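Results of the structural survey
Now for the letters of each chain:
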Amino acid sequence: MPKVTFIEFDDTVHTLDAEAGATMMETALQGGVTSIVAECGGACSCATCHVYVDDAWVSRLAPKSDEEEDQLDSAFDVRPNSRLSCQIKVTEELDGLVLRTPSYQGR
Amino acid sequence: MSGLVVIGASYAGVQAAISAREAGYAEPIRIVSDEDMLPYQRPPLSKAYLLDGVAEDKLIIRGDKYFADKKIDLVLGEKAIRIDRTGKRVELQNKPALAFDRLVIATGSRARQLPSAAGLQNIFYLRSLADALALKAQLSTAAELVVIGGGFIGLEVAASAAKLGKKVTVIESTRRLIERALSPVLSEFLRDIHKNHNVTIRFSETVTGMTQNGAKAEIHCANGDKLNADLVLVGIGGIPNAEMAADAGISVQNGIMVDAFGVSDHSEVLAAGDCTSHFNALVKRNIRLESVQHAQDQAKSAGSAIAGKQVVYDAIPRFWSDQYDAKLQMVGLSEGHDAHAIRGSIADNKFSVFLFRDGKLVAIDSVNRPGDQLIGRRLIAGGAMLSPAQASDDSFDLKGLAGTLAPE
């Protein structure tokens with residue numbers, strides 16, 4: 001099982017077992033990453049599962065869809081390495097991924 | 001110390017418990033739910049869940065381990081039946097009563113029932129996962145669907161069913177869709193996209209009665225028409241589950257009356273989510289909201305208050321809906337608006353309707369234009385001076401204007 005690490009804005013670290021096929025958002029909720037809110041339940045409609053991808057990993061993720069790009073426009077404190085965690089599927093290749101969370105989720 | 005008891009384990013109940021813990025509350029916390037499932041996501045129930053195989057376990061919001069780590073006890077599949085406020089106990093259907101120092105009521109809302117549908121087969125309401133399971137099973141074999149009520153739940157189910165190739169008719173009693181929450185421009189847009197997907201909408205139409213016609217339900221319309229349906233989805237609004245609170249002597253008027261910290265007129269009892277009524281500064285009156293954002297944000301204030309931290313609940317309301325390829329997002333409250341401006345292009349399915357009241361921006365309804373929503377929230381919260389002409393001018397720098405406002 002791939003392991004992923006979420007580092008919350010207050011420096012709380014969660015290293016979690018991620019199930020292949022699940023999304024990073026689901027992994028975060030199950031693992032108790034409180035600063036992932038996921039109001040819309042994974043429909044790419046709320047921008048409340050916003051994460052910053054560790055620089056070493058940015059280019060190793062599947063690219064953003066237009067929909068995700070649009071939605072990120074509405075998020076708070078967007079950076080070049082911003083993603084919506086509901087749009088990142090867990091795969092074996094993502095073992096070791098590090099994601100950080102912003103201090104505010106939502107638009 | 002008896003600690004905190006929370007009634008209801010959906011967004012508000014869970015968030016209140018988590019926020020109390022995070023704000024430092026160290027006493028026992030128990031959450032009672034009449035459903036036997038772990039807390040789950042509700043927005044997908046009328047959308048993705050009906051369309052594809054979203055597994056039930058993927059809907060779980062937080063797992064067992066999370067609650068164990070936070071020392072929050074879940075009492076699932078157990079109905080709270082009475083609040084003994086003076087004795088500070090919640091009586092349960094089958095188990096011994098739970099004593100509390102503080103109580104959070106997060107009982108949500110239930111679907112308003114259609115009296116004429118009582119006793120018939122094929123009638124569905126949609127609130128819970130159990131409702132969605134039943135609806136999905138019937139949907140797999142149904143050919144003809146009638147949706148009573150052109151609100152969010154009704155239209156989302158209509159869109160999902162149309163995508164599955166069903167013949168769908170929506171019966172709406174008013175002259176436009178989601179009249180209470182949406183601008184006329186958005187109502188017309190929704191009408192058109194449903195029409196483009198072969199959904200028939202009957203406006204200004206009411207149901208006078210229903211009968212069972214073999215395996216089908218027969219719906220009698222006020223104009224004399226009769227419609228047959230393999231499945232009738234009734235989405236005519238919600239009723240707050242506030243009776244238990246009222247019976248306990250807590251003030252209830254279209255919801256449990258709470259202040260900006262989620263506290264009722266009895267300081268030991270708090271409430272959050274669909275079941276509450278709170279004063280909203282945008283419309284300057286008490287309102288009741290049904291949304292995930294409201295449930296979570298209000299519950300954060302309630303949970304914090306229990307731990308002795310004052311966090312005012314004054315978030316600008318946000319709503320969203322997915323229908324076909326349209327992502328609708330709403331921020332603010334458009335009630336009583338007297339002017340509007342359109343930014344973007346309706347023809348391209350990418351636009352926002354800026355809504356004004358007395359010269360002030362009060363709400364923005366967006367379709368596939370999420371970027372306007374974040375700026376919009378800041379503009380509304382900050383009371384920005386924005387004119388309809390500026391709002392409709394795509395070259396006018398909204399971000400720049402938002403930047404001039406005091407930081408939140």
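The following refers to the structure shown. Not measured: the values here are computed from a predicted model.

Right, let's talk about the overall build of chain B for a bit. Across its full length, chain B holds eleven helices and 26 strands. The principal-axis extent of the C-alpha atoms belonging to chain B is close to 65 × 60 × 35 Å. Taking all 408 residues of chain B together, the buried fraction comes to 57%. Within chain B, counting contacts between residues at least 6 apart in sequence, those at least 24 apart form 60% of the total. Between the averaged position of the 46 positive side-chain charges in chain B and that of its 47 negative side-chain charges there is a distance of 1 Å.

Moving on, we come to the packing of aromatic side chains. Under the criterion given, the structure shown has three aromatic pairs over all chains. For the ring pair Phe76 of chain A and Tyr104 of chain A, a centre distance of 5.3 Å and an interplane angle of 75° mean the geometry is edge-to-face. With Phe76 of chain A in the loop between helix 2 (66-72) and strand 4 (82-84) and Tyr104 of chain A in the segment after strand 5 (98-100), the pair connects residues that are 28 residues apart, well separated along the chain. By relative accessible area, Phe76 of chain A is classed as partly exposed at 30%. By relative accessible area, which is 27% here, Tyr104 of chain A ends up partly exposed. When the ring of Tyr66 of chain B is compared with that of Phe67 of chain B, the centres are 5.7 Å apart and the planes differ by 80°; the resulting orientation is edge-to-face. Tyr66 of chain B sits in the buried class, given a relative accessible area of 4%. A cation over a ring is seen here: Arg60 of chain A above Trp57 of chain A, with NZ or CZ 3.9 Å from the ring centre. Note that Arg79 of chain A overlies the ring of Tyr52 of chain A, its terminal NZ or CZ placed 4.0 Å from the centroid.

Relative to the elements of secondary structure, Ala295 of chain B occurs in helix 8 (residues 292-306). Dropping the residues within four chain positions of it, Ala295 of chain B is found in contact with Tyr11, Ala12 and Gly273 of chain B.

Let us now look at the side chain of Gln323 of chain B. When you line up the elements, Gln323 of chain B lands in strand 22 (residues 318-323). The contact partners of Gln323 of chain B, leaving out residues within four places of it in the chain, are Phe152, Leu155, Glu156, Ala159, Leu190, Ile193 and His194 of chain B.

As a further point, take the sheet that holds strand 6 (residues 98-99) of chain B. All names here are of chain B. Sheet architecture is open: three strands sit in the order 4-5-6, paired in antiparallel fashion. Because the sheet does not close on itself, it has two edges, and the strands there are strand 4 (80-84) and strand 6. Where strand 4 and strand 5 (residues 89-92) come together, four bridges link them in antiparallel fashion. Residue pairing across strands places Ile83 opposite Val90, the latter belonging to strand 5.

Parameters and conventions
Residues numbered from 1 in each chain as written. Chains lettered and ligands numbered in written order. Predicted model: local features only at pLDDT ≥ 70, side-chain atom pairs only at ≥ 80, totals over all residues. Heavy atoms only, no water. Helix = DSSP H or I, 4+ residues; strand = E, 2+ residues; numbered from the N terminus. Buried < 20%, exposed > 50% of the residue type's maximum accessible area, 1.4 Å probe, protein only. Contact = heavy atoms within 4.5 Å. Lys, Arg positive; Asp, Glu negative; His and termini not counted. Charge placed at Lys NZ, Arg CZ, Asp CG, Glu CD. Phe/Tyr/Trp six-rings, centres within 6.5 Å; stacked < 30°, edge-to-face > 60°. Lys NZ or Arg CZ within 6 Å of the ring centre and 35° of its normal. Pairing = 2+ DSSP bridges.

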